[in-house]
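Given next are the chains, with one letter for each unit.
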Amino acid sequence: MVDIAALEGIDVALVLVGLVLAFVGAAVSVYAVTLTGFLVGGGVGYILAPSLAGVLTLEGGLLSAGAVAIGGAVGAFLAYAGLSMAVLGIGAIVGAFLGRFAVGPFYVEGLLPLVGATLAGVAVGALLGFVLTRTTLVFSTGFIGAAFASRSLTIADFGAATDPIALDPLLFDPTAPAFLAVLILGILTQLGLFRFGYVTSIIGVLPGARRWTASDDGDGEHGG
């Protein structure tokens with residue numbers, strides 16, 4: 001049986017995580033990229049959990065929790081181990097979403113337009129992540145953070161995407177006022193942190209933050 005209180009608690013946690021990503025994501029690049037990797041990995045695990053029910057002899061709640069934990073841990077590790085590549089991946093994910101959304105209003109029938117627009121979004125997002133590392137991370141963390149902070153994405157949406165597995169429940173409207181408000185304020189705040197030099201102060205007090213910072217577009221090099 002689904003624990004409603006637990007689901008509500010997860011939603012609250014996702015909102016808080018979303019606010020952190022939206023407003024200070026790129027400033028704490030190591031943490032933000034690792035946290036985003038955990039969210040992506042955990043989300044994939046949660047969506048795949050029902051498909052594993054016939055293979056693993058675990059109850060629904062325990063199976064979902066285990067899948068989220070394992071998927072999140074794998075996602076976080078891969079993101080932390082390959083930070084620069086992770087930025088490309090995060091940019092590709094956001095690009096895929098925007099490409100799919102852009103073609104949606106003009107979609108009539110057939111998969112070709114959707115697949116083409118999504119792949120184009122993946123390519124553009126990954127390219128920007130390589131060429132404009134900091135800008136991509138600012139926008140991507142702002143975008144993903146705003147999706148959770150504005151409750152455009154909730155645990156219920158991920159649940160709806162599990163059986164059968166489908167991505168449509170995860171496609172939200174990025175023109176919604178609440179989402180846009182958090183996105184714009186978050187991006188402006190992050191740019192201000194870089195512009196006025198607060199990033200140096202932040203990474204100076206956070207353990208491990210100097211390992212890698214997206215302090216400059218085009219390199220995303222290691223901090224000092």
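Residues numbered from 1 in each chain as written. Predicted model: local features only at pLDDT ≥ 70, side-chain atom pairs only at ≥ 80, totals over all residues. Heavy atoms only, no water.

(A) Summary view of the packing of helix H4 (residues 83-103) against helix H5 (residues 112-131). Where H4 contacts H5, the axes come no closer than 6 Å and their chain directions differ by 145°. Crossing geometry of H4 relative to H5 is assigned as right-handed. Between H4 and H5, the residues in contact are Val87, Leu88, Gly91, Ala92, Gly95, Ala96, Gly99, Arg100 and Val103 and Pro113, Leu114, Ala117, Thr118, Gly121, Val122, Gly125, Ala126, Gly129 and Phe130, respectively. Considered class by class, the residues forming the contact of H4 with H5 number 11 nonpolar, seven polar and one charged. (Axes fitted to C-alpha atoms, helices over the stretch in contact; angles between N-to-C directions. Helix = DSSP H or I, 4+ residues; strand = E, 2+ residues; numbered from the N terminus. Left-handed = near helix turned anticlockwise from the far one by under 90°. Contact = heavy atoms within 4.5 Å. Nonpolar A, V, L, I, M, F, W, Y, C, P; charged D, E, K, R; others polar.)

(B) Structural view of the packing of aromatic side chains. For the structure shown, the criterion picks out seven aromatic pairs. Taken together, Phe97, Phe139, Phe143, Phe172 and Phe179 form an aromatic cluster joined through their ring pairs. Its guanidinium or amino end placed over the ring of phenylalanine 194, arginine 134 lies 4.9 Å from that ring's centre, counting from NZ or CZ. (Phe/Tyr/Trp six-rings, centres within 6.5 Å; stacked < 30°, edge-to-face > 60°. Lys NZ or Arg CZ within 6 Å of the ring centre and 35° of its normal.)

(C) Examining a nonpolar patch on the surface more closely. Side chains of Val124, Leu127, Leu128, Phe130, Val131 and Leu132 sit close together on the surface and give an oily, nonpolar patch of about 540 Å² of accessible area. Looking at the element boundaries, valine 124 is found in helix H5. (Patch = residues over 30% accessible without salt bridge, like charges linked within 9 Å, V, L, I, M, F, W, Y side chains within 5 Å. Areas by Shrake-Rupley, 256 points an atom, 1.4 Å probe, with all protein chains shown as cover. Salt bridge = Lys/Arg side-chain N within 4 Å of Asp/Glu carboxyl O.)

(D) Structural context of the side chain of aspartate 11. Tracing the backbone through its elements, the reader meets aspartate 11 in helix H1 (residues 4-24). Apart from residues no more than four positions distant in its own chain, aspartate 11 is found in contact with Arg151, Thr154 and Ile155.

(E) Main features of the pattern of salt bridges. This structure, assessed with the given rule, holds one salt bridge. One salt bridge in this structure joins arginine 151 and aspartate 11, with 3.8 Å as the shortest N-O distance. In this pair, arginine 151 is assigned in the loop between helix H6 (133-149) and helix H7 (155-160) and aspartate 11 in helix H1, connecting sequence segments 140 residues apart.

(F) Focus on the confidence of the model for the protein chain. Looking at the protein chain, the pLDDT average stands at 82 and 81% of residues meet or exceed 70. Mean pLDDT values over the elements of the protein chain span from 74, in helix H9 (residues 198-205), up to 93, in H6. For the stretch residues 220-224, pLDDT sits under 50, and the model shows 15 contacts to residues farther than four places along the chain or on other chains. (pLDDT = per-residue confidence, 0-100.)

(G) Structural detail: the nonpolar core. In this structure, Val33, Phe143, Phe148, Phe172 and Phe179 are the most contacted members of the largest nonpolar core, which totals 40 residues. Within the residue set of this core, elements represented by two or more residues are H1, helix H2 (29-52), H4, H6, H7, helix H8 (177-195) and H9. The contact partners of phenylalanine 179, leaving out residues within four places of it in the chain, are Phe143, Ala146, Ala147, Ser150, Ser152, Phe172 and Pro174. (Core = buried A, V, L, I, M, F, W, Y, C linked by side-chain atoms within 4.5 Å. Buried < 20%, exposed > 50% of the residue type's maximum accessible area, 1.4 Å probe, protein only.)

(H) Main features of unusual backbone geometry. With a phi close to 65°, arginine 151 is a non-glycine residue in the positive phi region. Among the residues examined, arginine 151 registers a relative accessible area of 48% and is labelled partly exposed.

(I) Summary view of the packing of H8 against H9. Direction vectors running N to C along H8 and H9 enclose 90°, while the axes themselves pass 5 Å from each other. On the basis of their axis angle, the class for H8 and H9 is roughly perpendicular. On the side of H8, the interface is formed by Gly192, Leu193 and Phe194, while H9 contributes Tyr198, Val199 and Ile202. Of the residues in the contact of H8 with H9, the class split is five nonpolar, one polar and no charged. (Parallel < 35°, antiparallel > 145°, perpendicular 65-115°, else oblique.)

(J) Inspection of H8 at higher detail. Compared with an ideal rise of 1.5 Å per residue, which puts 19 residues at 27 Å, H8 spans 26 Å between its outermost C-alpha atoms and is within 8% of the ideal. Listing the buried residues of H8 in full gives Phe179, Val182, Leu183, Gly186, Ile187, Gln190, Gly192, Leu193 and Phe194. Just downstream of H8, glycine 197 is the residue with a positive phi angle, here 80°. (Expected span 1.5 Å × (residues − 1).)

(K) Expanded view of the environment of alanine 117. As for its position among the elements, alanine 117 is in helix H5. In this structure alanine 117 comes out as buried when scored by relative accessible area, which is 17%. Leave out the neighbours within four places in its chain, and alanine 117 touches Gly99 and Val103.

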